[in-house]
Amino acid sequence: MTPTLETWLKEIHVPADWIGLRQVTETSTLRYVMDGKPRSNGRTQTKGVMVEVLAKGQMGYCATNHLTAENIKLAAEIAYQQAVTAAEWGIYPFTVEQRPQAVGNYHSPYIKPLDILSPKDINDLLLKVNETLKVNDKIVSTSAIARLVETEIQLVSSNGSDAYQKFLLITTDYTATAQDGNIIQKRTDNGLTARSYQGGMECLEETEVLARAQKIGEQSLELLSAPDCPTTTTTLVLAPDQMMLQIHESIGHPLELDRILGDERNYAGSSFVKLEDFGHLVYGSPLMNVTFDPSVSGQFASYRFDDGGNLATREYLIKEGILLRGLGSKESQIRSNVPGVANLRASSWNRPPIDRMANINLEPGNSSFDEMIGNIESGVYMESNRSWSIDDYRNKFQFGCEYAQLIENGKLTKTLKNPNYRGITNQFWRSLSQLGDRSTMGMYGTPSCGKGEPNQAIRVGHASPVCAFDNIEVFGGAK
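### Points about the overall build of the chain
From N to C terminus, the chain includes nine helices and 23 strands. Its C-alpha atoms give the chain a radius of gyration of 24 Å, within 12% of the compact-globule value 23 Å for 479 residues. Structurally, the chain occupies a C-alpha span of about 70 × 55 × 35 Å along its principal axes. Within the chain, buried positions represent 57% of all 479 residues. By sequence separation, contacts in the chain at least 24 residues apart represent 75% of the contacts at least 6 residues apart. When the accessible surface of the chain is summed, it comes to about 19700 Å², and 48% of that surface belongs to carbon and sulfur atoms. Charged side chains of the chain number 46 positive and 56 negative; the gap between the two group centres comes to 3 Å.

Laid out in structure tokens, this is it:
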């Protein structure tokens, strides 16, 4: 907390039950090289304060980036009037209990600070990535992106909150596009921007980065001569980088309580999950254990407090296949009478916090990768998301991947291109038949999960082992 925020808070005199000031400062650096040429070397910074007021049982909000005492007081008055006006139409009254006192600090873990590499060093590395991706003249396009973000969030409130959190965030993506006649195949680094983490420049270790780039280039070339994925019903094995999207779309979004309550129906859709399902619905097989866990070191959406000041703790959303808990803040928990989590989050200083995903993880099982594949007589193994489609209720879905291999008699055999699969959420998760152990785990994330009006693109993380599902429809073609 800065002395300025504390001073501003003391100078606000609206007759509210609770007042909070949340200041967000974010510096973002983008380095982008395409086909061996730098395309972007930009840095931006945003800074502002969201004033939040509780009055007559309702919340009011107003944000400003004109950081003076007068503007903060004016924002507080606007937020207060907004809350008073909302009280005339309020259905659920809220209290200070929905804004607990938050005191403490959080800092992203790191080994090497972000400034250990100069802009030139980063550009030189991305140029090397482009060169490494081009393993053959049939690689017609290459690209490498690195986005470095430092975010500071300071929260003070009239009931004694004094919380400071600093996030160091790195997102990278490397892409190789291969062409042979009218056949075009693209391979990325585990799916577009999936490599998103909290940490320092250890995430850009040159030897590891170039080894991944070499593999990406080779696999994009390999896909040119690969046959299409067959159309069949079979055992589907998904790598952690594709499980990231599967978890995100068919677990994360359907369990958001504000979506179930109808708040998002106009923009982002609803959910097949009903309030009465919590505690009873068989969401998946007994192997399925899903946690909300913002405490994982280095995961993209780890934090100590959400933007309402709620202490973040690890909670089971689904345990042994049974749906237990929703992704809902204290306001949504009161409205729904369903247990939730500390996930009241805003994408920036000029957005009010809403129910969001954070780290949603599928807990590992007991099988090694070789054991899983060895147990399958016939199936298809898929990696890295390429496309997705899911209905407004997060129920029926169809996903496409970049890379696949046929499983025959317990072994991975030939490479397949254009792999896709489809399913219905509960049926799909109930078909979970094998769960990889901790050695098969992968941790990924995305910087741009969209939700809310006006839109909020927020950071989320997902971790998963390799998973096998029985009797799944798979098919080929660039869908």
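### So, the side chain of R187
Position of R187 relative to the elements: it lies in strand 7 (residues 183-188). Taking the relative accessible area as the measure of exposure, R187 reaches 3% and is therefore buried. Here S384 takes part through its side chain, which lies 2.8 Å from a polar atom of the side chain of R187. There is a polar contact of 2.7 Å between the side chain of R187 and the side chain of E402. Those residues within four positions of R187 in sequence are excluded, and the remaining contacts are Y174, T175, A176, I216, Q219, S220, L223, E383, S384, E402 and Y403.

### Things to note about helix 2 (residues 69-87)
The terminal C-alpha atoms of helix 2, which comprises 19 residues, lie 27 Å apart, in line with the 27 Å expected from a rise of 1.5 Å per residue. Those residues of helix 2 not exposed but buried are I72, A75, A76, A79, Y80, A83 and V84.

### Regarding a nonpolar patch on the surface
Nonpolar side chains collect at one region of the surface, where I91, Y92 and I334 lie side by side and expose about 300 Å² of accessible area between them. Of note, I91 is situated in the loop between helix 2 and strand 4 (103-107).

### Some thoughts on the packing of helix 3 (residues 119-133) against helix 4 (residues 206-224)
Taken N-terminus to C-terminus, the directions of helix 3 and helix 4 make an angle of 30°; their axes are 8 Å apart at the nearest point. When the axis of helix 3 is compared with that of helix 4, the two are roughly parallel. Where helix 3 crosses over helix 4, the handedness of that crossing is right-handed. Across from L125, K128, V129, T132 and L133 in helix 3, the residues of helix 4 making contact are E206, V209, L210, A213, Q214, I216 and G217.

### Focus: the sheet that holds strand 21 (residues 442-451)
Judged by pairing direction, the sheet is mixed, and its six strands sit side by side in the order 12-11-10-15-22-21 without closing on themselves. What marks the edges here is a single partner per strand, and that holds for strand 12 (322-323) and strand 21. The pairing of strand 10 (residues 290-292) with strand 15 (residues 359-362) spans three bridges and is antiparallel. The residue of strand 15 that forms the bridge with T291 is N361.

### What to know about the nonpolar core
Among the nonpolar cores identified, the biggest contains 61 residues, and I251, Y283, M382, Y421 and W429 are the most heavily contacted of them. Of all the elements, strand 17 (residues 396-408) adds the most residues to this core, at five residues. Once you skip the residues sitting within four places of it in the chain, I251 turns out to touch Q246, Y283, M288, V290, I318, I360 and W429. Core analysis: the second largest hydrophobic core is formed by 23 residues, Y174, A178, L204 and A213 among them.

### So, the environment of Q198
Among the structural elements, Q198 can be located in strand 8 (residues 195-198). As a C-alpha pair, Q198 and R22 span 176 residues in sequence and 21 Å in three-dimensional space. In contact with Q198, not counting residues within four places along its chain, are Y106, S108, P109, F167, L168, L169, G298, Q299, F300, A301 and S302. In this structure the side chain of Q198 is engaged in a polar contact, spanning 2.5 Å, whose partner is the side chain of S108.

### Focus: the environment of Y92
Looking at the element boundaries, Y92 is found in the loop between helix 2 and strand 4. The residues touching Y92, leaving out its near neighbours within four places in the chain, are G57, Q58, I334 and R335.

Thresholds applied
Residues numbered from 1 in each chain as written. Predicted model: local features only at pLDDT ≥ 70, side-chain atom pairs only at ≥ 80, totals over all residues. Heavy atoms only, no water. Helix = DSSP H or I, 4+ residues; strand = E, 2+ residues; numbered from the N terminus. Rg over C-alpha atoms; globule rule 2.2 N^0.38 Å. Buried < 20%, exposed > 50% of the residue type's maximum accessible area, 1.4 Å probe, protein only. Contact = heavy atoms within 4.5 Å. Areas by Shrake-Rupley, 256 points an atom, 1.4 Å probe, with all protein chains shown as cover. Lys, Arg positive; Asp, Glu negative; His and termini not counted. Charge placed at Lys NZ, Arg CZ, Asp CG, Glu CD. Polar contact = N/O pair within 3.5 Å; in protein donor to acceptor, adjacent residues only side chain to side chain. Expected span 1.5 Å × (residues − 1). Patch = residues over 30% accessible without salt bridge, like charges linked within 9 Å, V, L, I, M, F, W, Y side chains within 5 Å. Salt bridge = Lys/Arg side-chain N within 4 Å of Asp/Glu carboxyl O. Axes fitted to C-alpha atoms, helices over the stretch in contact; angles between N-to-C directions. Parallel < 35°, antiparallel > 145°, perpendicular 65-115°, else oblique. Left-handed = near helix turned anticlockwise from the far one by under 90°. Pairing = 2+ DSSP bridges. Core = buried A, V, L, I, M, F, W, Y, C linked by side-chain atoms within 4.5 Å.

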